[in-house]
Amino acid sequence: LMSNLLVTVLSLLDVVLFLRLNVSAGVPDSLFVLGSSVCSVAVRQWQWMPGVVIMSQLCPTGMEATMFAMLAGCANVGSQIADYFGAFMLDRLGVHPFGASGESRQFDNLWKASLISTLLPSVTIALIPLLVPDARQTDKLLMRDAASATSGSLYSRCRRR
């Protein structure tokens, strides 16, 4: 939860950069970008670890490598989908730079795209209590059927009906 909130706050720094508020505060662009990028990467690595630990607790014995590969694959697919939706959003907001001089008007709505791309993922923070079990990282999560990660899930209960 805290890392999600921290990533959201760090992502809002892009809006500060696009609105040039850092320059009016006396912070040069290069220093501002370097600091926010380093902090974002470190926090995103902190976010990755709990997912790996939960997946290792939920997967059947002997399937840990497969589950890690699935987690990495899902993260990569999610990243690709986010890239395509980001490109679509930039198109809809009229951000179409082509590298010519004097096209600064093309970036007028860039701060809006950054704000949207920051706030939409933060919606998932509200879902954390529903999706993450209320347990310690060392607690056994598979109580009923240790060989199945989906035993008792909503999907398996709906299939039985």
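Above this note sits the structure.
Just so we're clear, the structure is a prediction, and the values are computed from it rather than from any experiment.

**As for the overall build of the protein chain**
Link 1 in the chain: When its secondary structure is counted, the protein chain shows seven helices and zero strands.
Link 2 in the chain: When the helices and strands of the protein chain are read in sequence order from the N terminus, they spell out α-α-α-α-α-α-α.
Link 3 in the chain: Taking 15 Å as the expected radius of gyration for a compact globule of 161 residues, we find that the protein chain reaches 21 Å, considerably beyond that expectation.
Link 4 in the chain: Judged by the C-alpha coordinates and their principal axes, the protein chain covers about 65 × 35 × 25 Å.
Link 5 in the chain: For the protein chain, restricting intrachain contacts to residue pairs at least 6 apart in sequence, the fraction spanning at least 24 positions comes to 54%.
Link 6 in the chain: Approximately 11,800 Å² of the protein chain is accessible, and the part contributed by carbon and sulfur atoms is 66%.

**Concerning a nonpolar patch on the surface**
Link 1 in the chain: Where nonpolar side chains cluster on the molecular surface, the patch consists of Val77, Ile81, Phe85 and Phe88 and spans about 430 Å² of accessible area.
Link 2 in the chain: Structurally, Phe88 can be placed in helix 4 (residues 64-92).

**Some remarks on the environment of Gly62**
Link 1 in the chain: Position of Gly62 relative to the elements: it lies in the loop between helix 3 (29-58) and helix 4.
Link 2 in the chain: The class of Gly62 is exposed, set by a relative accessible area of 59%.
Link 3 in the chain: C-alpha of Gly62 to C-alpha of Leu154: the two residues are 92 residues apart in sequence and 24 Å apart in space.

**Observations regarding helix 4**
Link 1 in the chain: When the terminal C-alpha atoms of helix 4 are compared, their 42 Å separation across 29 residues agrees well with the 42 Å that a helix rising 1.5 Å per residue should span.
Link 2 in the chain: Residues of helix 4 that are buried make contact with helix 3 and helix 5 (110-122).
Link 3 in the chain: Taken from the residues just after helix 4, Gly94 is the one with a positive phi, measuring 80°.

**Some points on unusual backbone geometry**
Link 1 in the chain: A positive phi angle, near 65°, is found at Arg20, a position not held by glycine.
Link 2 in the chain: As for its position among the elements, Arg20 is in the loop between helix 1 (2-18) and helix 2 (21-24).

**Looking at the packing of helix 1 against helix 5**
Relative placement of two packed helices is described by the angle separating their axes and the distance separating the axes.
Link 1 in the chain: The geometry of helix 1 relative to helix 5 is characterised by a closest axis approach of 8 Å and an angle of 175° between their N-to-C directions. As the angle between them shows, helix 1 and helix 5 are arranged roughly antiparallel. In contact with Thr8, Ser11, Leu12, Asp14, Val15 and Phe18 of helix 1, helix 5 contributes Leu110, Trp111, Ser114, Leu115, Thr118 and Ser122.

What counts and what doesn't
Residues numbered from 1 in each chain as written. Predicted model: local features only at pLDDT ≥ 70, side-chain atom pairs only at ≥ 80, totals over all residues. Heavy atoms only, no water. Helix = DSSP H or I, 4+ residues; strand = E, 2+ residues; numbered from the N terminus. Rg over C-alpha atoms; globule rule 2.2 N^0.38 Å. Contact = heavy atoms within 4.5 Å. Areas by Shrake-Rupley, 256 points an atom, 1.4 Å probe, with all protein chains shown as cover. Patch = residues over 30% accessible without salt bridge, like charges linked within 9 Å, V, L, I, M, F, W, Y side chains within 5 Å. Salt bridge = Lys/Arg side-chain N within 4 Å of Asp/Glu carboxyl O. Buried < 20%, exposed > 50% of the residue type's maximum accessible area, 1.4 Å probe, protein only. Expected span 1.5 Å × (residues − 1). Axes fitted to C-alpha atoms, helices over the stretch in contact; angles between N-to-C directions. Parallel < 35°, antiparallel > 145°, perpendicular 65-115°, else oblique.

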